[in-house]
Amino acid sequence: MSSGGQPFPLSKLAFMYVKKIAQPLANRIAARAKKDERFKEIFCLPPANMYHFYEAKIKFRFMNIGKVRIKKVPKLDEKTAIELGSNLCAEFIIMSIASVIALNEVMKYKERERQKDLASDLELQELNNCVTRLQNIIESQKEDIDRLRKIILSYEKK
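Only a predicted model underlies this, so the values are computations on that prediction, with no experimental measurement involved.

Caption draft 1: Local environment of the overall build of the protein chain. The secondary structure content of the protein chain amounts to three helices and zero strands. A compact globule built from 158 residues would reach a C-alpha radius of gyration of about 15 Å, whereas the protein chain, at 36 Å, exceeds it by more than 25%. For the C-alpha atoms alone, the extent of the protein chain along its principal axes is close to 120 × 40 × 40 Å. Across the 158 residues in the protein chain, those meeting the buried criterion constitute 14%. Of the accessible surface of the protein chain, which amounts to about 13,700 Å², a share of 62% is contributed by carbon and sulfur atoms. Side-chain charges of the protein chain comprise 30 positive and 20 negative groups, with the mean position of each set lying 11 Å from the other.

Caption draft 2: Inspection of the pattern of salt bridges at higher detail. Under the defined criterion, the tally for this structure stands at 10 salt bridges. In this structure, Arg114 and Glu111 form a salt bridge, with 2.8 Å as the shortest nitrogen-oxygen distance. In this pair, Arg114 and Glu111 are both assigned in helix 3 (residues 78-157), three residues apart and thus about one turn of the helix distant. Several salt bridges share partner residues, and in doing so they unite Glu37, Lys40 and Glu78 into one network.

Caption draft 3: Representation of a nonpolar patch on the surface within the structure. On the surface, Met50, Phe53, Tyr54, Ile58 and Phe62 cluster together into a nonpolar patch covering about 570 Å² of accessible area. Tracing the backbone through its elements, the reader meets Phe62 in helix 2 (residues 37-62).

Caption draft 4: Quick look at the state of the cysteines. In the structure shown here, the tally under the stated rule is zero disulfides. Of all cysteine sulfurs, the one in Cys44 lies closest to Cys89, which takes part in no disulfide; the gap is 5.2 Å.

Caption draft 5: Region of interest: the packing of helix 1 (residues 9-35) against helix 2. Between helix 1 and helix 2, the least distance of the axes is 5 Å, while the angle of their chain directions is 130°. Judged on the interaxial angle alone, helix 2 and helix 1 are oblique. On helix 2, the residues that touch Ile29, Arg32, Ala33 and Lys35 of helix 1 are Glu37, Phe39, Lys40 and Cys44. Here the contact of helix 1 with helix 2 is built from residues that sort into four nonpolar, no polar and four charged.

Caption draft 6: The packing of helix 2 against helix 3, seen in detail. Close contact between helix 2 and helix 3 brings their axes to 7 Å; oriented N to C, the two are set at 95°. Put simply, helix 2 runs roughly perpendicular to helix 3. Facing helix 2, whose interface residues are Lys40, Phe43, Cys44, Leu45, Pro47, Ala48, Asn49 and Tyr51, helix 3 presents Glu78, Ala81, Ile82, Leu84, Gly85, Ser86, Leu88 and Cys89.

Caption draft 7: Layout of the packing of aromatic side chains. A full pass over the atoms with the stated rule returns two aromatic pairs. Here the aromatic rings of Phe39 and Phe43 are separated by 5.0 Å at their centres, their planes lie at 40°, and the arrangement is tilted. Of this pair, Phe39 and Phe43 are both found in helix 2, four residues apart, which corresponds to roughly one turn of the helix. Taken together, a centroid distance of 5.0 Å and an interplanar angle of 80° make the contact between Phe53 and Tyr54 edge-to-face. Judged by its relative accessible area of 31%, Phe53 is partly exposed. It is Arg32 that lies over the ring of Phe39; its NZ or CZ is 4.7 Å from the centre.

Caption draft 8: The arrangement of helix 2 in detail. Between its first and last C-alpha, helix 2 extends 36 Å over 26 residues, near the 38 Å set by a 1.5 Å rise per residue. Of all bends in helix 2, the biggest is about 35°, found at Leu45, and the proline Pro46 comes one to four residues later. Taken together, the buried residues of helix 2 touch helix 1 and helix 3. Sitting at the head of helix 2, Asp36 places a side-chain oxygen 3.3 Å from the backbone nitrogen of Arg38.

The rules behind the values
- Residues numbered from 1 in each chain as written.
- Predicted model: local features only at pLDDT ≥ 70, side-chain atom pairs only at ≥ 80, totals over all residues.
- Heavy atoms only, no water.
- Helix = DSSP H or I, 4+ residues; strand = E, 2+ residues; numbered from the N terminus.
- Rg over C-alpha atoms; globule rule 2.2 N^0.38 Å.
- Buried < 20%, exposed > 50% of the residue type's maximum accessible area, 1.4 Å probe, protein only.
- Areas by Shrake-Rupley, 256 points an atom, 1.4 Å probe, with all protein chains shown as cover.
- Lys, Arg positive; Asp, Glu negative; His and termini not counted.
- Charge placed at Lys NZ, Arg CZ, Asp CG, Glu CD.
- Salt bridge = Lys/Arg side-chain N within 4 Å of Asp/Glu carboxyl O.
- Patch = residues over 30% accessible without salt bridge, like charges linked within 9 Å, V, L, I, M, F, W, Y side chains within 5 Å.
- Disulfide = S-S within 2.5 Å.
- Axes fitted to C-alpha atoms, helices over the stretch in contact; angles between N-to-C directions.
- Parallel < 35°, antiparallel > 145°, perpendicular 65-115°, else oblique.
- Contact = heavy atoms within 4.5 Å.
- Nonpolar A, V, L, I, M, F, W, Y, C, P; charged D, E, K, R; others polar.
- Phe/Tyr/Trp six-rings, centres within 6.5 Å; stacked < 30°, edge-to-face > 60°.
- Lys NZ or Arg CZ within 6 Å of the ring centre and 35° of its normal.
- Expected span 1.5 Å × (residues − 1).
- Bend = angle between axes of the 7 residues up to and from the residue.
- Polar contact = N/O pair within 3.5 Å; in protein donor to acceptor, adjacent residues only side chain to side chain.

Quick look at the structure:
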């Protein structure tokens, strides 16, 4: 089965899924930005303009248009900037939540592993203590056997 030359088809699928999930949130952010000027100026326009600026720079460089130095990237119109900014904000929120959930799961997994390690360390220590006690008992029994042997030898000589 061919992936069609796509380097990471699952990652592309995951990002498309995030975009689809983020769309309702992006619509709400865009509606809020249209109503609230301050919200628009803080949360929508700066990320959209920065994204557009760097996207244009990279595209010009890779399309070999970069030989002619681009001095200024043309600004986005406000409607497009609001749409792009709201999409970026929504995707950022969704990815942040997913990252926090993933981090939480990793932390839980590490805690479970730490608990398992502690339990196995405790069991190993208990086994070592049992072995030490058994060695002491064996040593004591050897001494008793030696004493009994000496007593038997002393009775045999008489």
